[in-house]
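# Observations on the three-dimensional arrangement
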Amino acid sequence: MHFGIEGRSALVVGGSKGIGFEVAKMLAAEGARVAVLARTKADVDASVEAIRAEGGTALGVPADVSNPQGLADAIEAVTAEHGAPLIVIGQAKYQRPGDFADIADINVYRESFEAHTMSQVLLLQAVLPAMGEAGWGRFVHIGSATAKEPAGNIHHAVANTSRPSTIGLLKTVSDEYAQYGITVNTVAPGWIETENSLAYLDQHLGTSSEEDRRDFLLAQARVPAGRMGKPHEIASLIAYLCSDPAGYLTGNWIEVDGGLHRSAF
């Protein structure tokens, strides 16, 4: 399929590792001019080098998306070299595992809301004006399937509280900006084979081997596929949502979870 994004400026938040890195590589392979944004400069530099080694165009912008000034500086740097980003991948990480009774500090909930939702508010405010001026834009948020249906065997009361607010934000923005040729979608991965997921399974559930993970996924997590997804399996959908042919697909919450979500609708 011809994605029609050659030469477009693309900003991938969290593009140095995992799903974000796979998205950055795929967009670069489609001819987009990719900017990788992450907090750790060494990881950003490594990802940019890998993309360039495969013939892609990429630059690195070390920054924290939850820091308004840092984000503004990053957008300015990307715009100066690649043009205003019209393709934007947003995501945020804040991990504080625990059941409700385990979280005594109320500020943890505020921090989670700042990380998950307010970071996307800042990102949207920074990139939507240029998309509106161009009459074309793609914003894809990498969320989590637990935002819609919290998993009982995963003890994340804090994330389960703040993540749904991000869904409401993005759905609202998608409705308001669709008339300007801008699409806003959320991709919600299930159990994906990333460093964070593997570490969580090992530390909190004691599933350190592939056989242990398969037993957990089938018997406890009830994932019909019986395995974790690969980062590139999520990235391929995200890359499509950034394409020109995906212009009539907006305001959607798309789960990629090996069949974990049980509803037919």
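Please refer to the structure higher up on the page.
My aim in this report is to walk through the structure given alongside it, one point at a time. (Residues numbered from 1 in each chain as written. Predicted model: local features only at pLDDT ≥ 70, side-chain atom pairs only at ≥ 80, totals over all residues. Heavy atoms only, no water.)

### Observations concerning the nonpolar core
One recurring pattern in soluble globular proteins: nonpolar side chains tend to sit buried together. Leu11, Leu27, Val34, Leu123 and Ile238 are the most contacted members of the largest nonpolar core, which has 56 residues in total. For leucine 27, the contacting residues outside a window of four places in its chain are Ile5, Ala10, Val12, Ala32, Val34, Ile87, Ala239 and Cys242. Membership of the second largest hydrophobic core comes to 9 residues, among which are Trp191, Tyr200, Leu201 and Ala221. (Core = buried A, V, L, I, M, F, W, Y, C linked by side-chain atoms within 4.5 Å. Buried < 20%, exposed > 50% of the residue type's maximum accessible area, 1.4 Å probe, protein only. Contact = heavy atoms within 4.5 Å.)

### Focus on the packing of aromatic side chains
This structure, assessed with the given rule, holds 4 aromatic pairs. Aromatic pair tryptophan 191 and phenylalanine 216: ring centres 5.4 Å apart, planes at 90 degrees, arrangement edge-to-face. Taken together, the residues tryptophan 191 in the loop between β6 (182–189) and α6 (195–205) and phenylalanine 216 in helix α7 (residues 210–219) connect sequence positions 25 residues apart. Classification of tryptophan 191 as buried rests on a relative accessible area of 15%. According to the relative accessible area criterion, phenylalanine 216 is buried, its value standing at 3%. In this arrangement the basic side chain of arginine 8 is found over the ring face of tryptophan 136, its NZ or CZ atom lying 3.8 Å from the centre. (Phe/Tyr/Trp six-rings, centres within 6.5 Å; stacked < 30°, edge-to-face > 60°. Helix = DSSP H or I, 4+ residues; strand = E, 2+ residues; numbered from the N terminus. Lys NZ or Arg CZ within 6 Å of the ring centre and 35° of its normal.)

### Observations regarding the sheet that holds strand β1 (residues 9–13)
The strand order β3-β2-β1-β4-β5-β6-β7 describes an open sheet built from 7 strands, whose pairing is parallel. Of all the strands in the sheet, just β3 (57–62) and β7 (253–256) have a single pairing partner and so form its edges. For this sheet, the mean inter-axis angle between neighbouring strands, taken without regard to orientation, is 20 degrees. Inspection of the sheet shows strand β2 (residues 33–38) paired to β3 by 6 bridges, in the parallel sense. Across the sheet, valine 34 pairs through a bridge with alanine 58, a residue of β3. Docked against the sheet, helix α5 (residues 157–177) engages β5 (137–142), β6 and β7, running at close to 155 degrees with respect to β6. (Pairing = 2+ DSSP bridges. Axes fitted to C-alpha atoms, helices over the stretch in contact; angles between N-to-C directions.)

### Some words on the packing of helix α1 (residues 18–29) against helix α2 (residues 41–53)
The geometry of α1 relative to α2 is characterised by a closest axis approach of 10 Å and an angle of 30 degrees between their N-to-C directions. With respect to α2, the axis of α1 lies roughly parallel. Handedness of the crossing formed by α1 with α2: right-handed. On α2, the residues touching Phe21, Ala24, Lys25 and Ala28 of α1 are Ser47, Ala50 and Ile51. Split by residue class, the contact of α1 with α2 holds 5 nonpolar, 1 polar and 1 charged. (Parallel < 35°, antiparallel > 145°, perpendicular 65-115°, else oblique. Left-handed = near helix turned anticlockwise from the far one by under 90°. Nonpolar A, V, L, I, M, F, W, Y, C, P; charged D, E, K, R; others polar.)

### What to know about unusual backbone geometry
With a phi close to 60 degrees, arginine 222 is a non-glycine residue in the positive phi region. With respect to the element layout, arginine 222 can be found in the loop between α7 and α8 (231–241). Take arginine 222: its relative accessible area is 59%, and that puts it in the exposed class.

### What about the environment of glutamate 255?
Position of glutamate 255 relative to the elements: it lies in strand β7. Here glutamate 255 falls in the partly exposed class, since its relative accessible area comes to 22%. On a C-alpha basis, the gap between glutamate 255 and alanine 92 in space is 17 Å, while along the polypeptide they are 163 residues apart. Dropping the residues within four chain positions of it, glutamate 255 is found in contact with Ala145, Lys148, Ala188 and His261.

### With respect to the side chain of aspartate 257
As for its placement among the helices and strands, aspartate 257 is situated in the segment after β7. A distance of 3.0 Å separates the side chain of aspartate 257 from the backbone nitrogen of histidine 261, its partner in a polar contact. Residues within four places of aspartate 257 in sequence aside, it is in contact with Gly190 and Val223. (Polar contact = N/O pair within 3.5 Å; in protein donor to acceptor, adjacent residues only side chain to side chain.)

### Quick word on the side chain of arginine 163
With respect to the helices, strands and loops of the structure, arginine 163 is situated in helix α5. The buried charged residue arginine 163 lacks any salt bridge partner; its closest oppositely charged side chain belongs to glutamate 255, at an N-O distance of 12 Å. Once residues lying within four places of it in the same chain are set aside, the contact partners of arginine 163 are Ala92, His116, Gly143, Ser144, Thr146 and Ala147. (Lys, Arg positive; Asp, Glu negative; His and termini not counted. Salt bridge = Lys/Arg side-chain N within 4 Å of Asp/Glu carboxyl O.)

### Notes on the packing of helix α3 (residues 68–82) against helix α4 (residues 107–134)
At a closest axis distance of 10 Å, the pairing of α3 and α4 adopts a crossing angle of 30 degrees. On the basis of the axis angle, α3 is roughly parallel to α4. Read as a crossing pair, α3 and α4 show a hand that is right-handed. Of the residues in α4, those touching α3 at Pro68, Leu71 and Ile75 are Leu122, Leu123, Ala126 and Val127. A class-by-class count of the residues in the contact of α3 with α4 yields 7 nonpolar, no polar and no charged.

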